[in-house]
Amino acid sequence: MHDEIPDKTQILLAYTQAGQAVASLAFQSDALRNQGNLPAARQAYDQLISVLKQQLQIALLNNHDYPDSPYDLPPIVEPLLNAMQTQADLCD
């Protein structure tokens, strides 16, 4: 079976939507943590981590299918690692 390669516009749209969700969830998770609502903050960090992983997968798909216009990965990986570390700190 042949898998269809998404066109660049589909990838860009998915990447942009993920980026908007990341911004919203990052703000929400930080606000909840600062308010001391740790259970809700952990849940928000779960969602943030999930969306960052999705964004990373989109970037990797783009870089594989469109190597002539790759996404830079550190701006995705660094916030992902930071969110995972912050969530681990909340669990402690």
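Figured I'd write up the structure that's included with this text. As the structure is a prediction and not an experimental result, all values here were calculated from the model. (Residues numbered from 1 in each chain as written. Predicted model: local features only at pLDDT ≥ 70, side-chain atom pairs only at ≥ 80, totals over all residues. Heavy atoms only, no water.)

## Regarding the overall build of the protein
Now for step 1: When its secondary structure is counted, the protein shows 3 helices and 0 strands.
Now for step 2: In the protein, the succession of α and β elements from N to C terminus is α-α-α.
Now for step 3: Split into buried and exposed, the 92 residues of the protein put 30% on the buried side.
Now for step 4: Across the protein, every contact between residues at least 6 apart in sequence was considered, and the portion connecting residues at least 24 apart equals 65%.
Now for step 5: Here the protein has roughly 6200 Å² of accessible surface; of this, 55% comes from carbon and sulfur atoms. (Helix = DSSP H or I, 4+ residues; strand = E, 2+ residues; numbered from the N terminus. Buried < 20%, exposed > 50% of the residue type's maximum accessible area, 1.4 Å probe, protein only. Contact = heavy atoms within 4.5 Å. Areas by Shrake-Rupley, 256 points an atom, 1.4 Å probe, with all protein chains shown as cover.)

## Comments concerning the nonpolar core
Now for step 1: With 22 residues, the main nonpolar core has Tyr-15, Leu-48, Leu-52 and Ala-83 as its most contacted residues.
Now for step 2: Elements represented by at least two residues in this core include exactly helix H1 (8-35), helix H2 (38-65) and helix H3 (74-91).
Now for step 3: Take this core: its biggest share by element is 10 residues, from H2. (Core = buried A, V, L, I, M, F, W, Y, C linked by side-chain atoms within 4.5 Å.)

## Some thoughts on the environment of Val-77
Now for step 1: Locating Val-77 in the fold gives a position in helix H3.
Now for step 2: Overall, Val-77 belongs to the partly exposed group, its relative accessible area being 29%.
Now for step 3: Measuring from C-alpha to C-alpha, the distance between Val-77 and Gln-55 comes to 9.5 Å, with 22 residues separating the pair along the chain.

## Thoughts on the side chain of Asp-65
Now for step 1: The topology assignment puts Asp-65 in helix H2.
Now for step 2: Despite its burial, Asp-65 pairs with no opposite charge, the nearest such side chain being Lys-8 at 9.6 Å.
Now for step 3: A distance of 2.9 Å separates a polar atom in the side chain of Asp-65 from a polar atom in the side chain of His-64.
Now for step 4: Leave out the neighbours within four places in its chain, and Asp-65 touches Ile-5 and Pro-6. (Lys, Arg positive; Asp, Glu negative; His and termini not counted. Salt bridge = Lys/Arg side-chain N within 4 Å of Asp/Glu carboxyl O. Polar contact = N/O pair within 3.5 Å; in protein donor to acceptor, adjacent residues only side chain to side chain.)

## Regarding the side chain of Gln-87
Now for step 1: Mapped onto the fold, Gln-87 is located in helix H3.
Now for step 2: Ignoring any residue separated from it by four or fewer positions in sequence, one finds Gln-87 in contact with Arg-42, Tyr-45, Asp-46 and Ile-49.

## A short note on the packing of H2 against H3
Now for step 1: Between H2 and H3, the shortest axis-to-axis distance is 9 Å and the interhelical angle comes to 155°. As the angle between them shows, H2 and H3 are arranged roughly antiparallel. When you trace H2 past H3, the crossing you get is left-handed. Of H3, the residues touching H2 (which contributes Leu-38, Ala-41, Arg-42, Tyr-45, Asp-46, Leu-48, Ile-49, Leu-52, Lys-53, Gln-55, Leu-56 and Ala-59) are Ile-76, Val-77, Pro-79, Leu-80, Ala-83, Met-84, Thr-86, Gln-87, Leu-90 and Cys-91.
Now for step 2: Residues belonging to the contact of H2 with H3 are distributed by class as follows: 16 nonpolar, 3 polar and 3 charged. (Axes fitted to C-alpha atoms, helices over the stretch in contact; angles between N-to-C directions. Parallel < 35°, antiparallel > 145°, perpendicular 65-115°, else oblique. Left-handed = near helix turned anticlockwise from the far one by under 90°. Nonpolar A, V, L, I, M, F, W, Y, C, P; charged D, E, K, R; others polar.)

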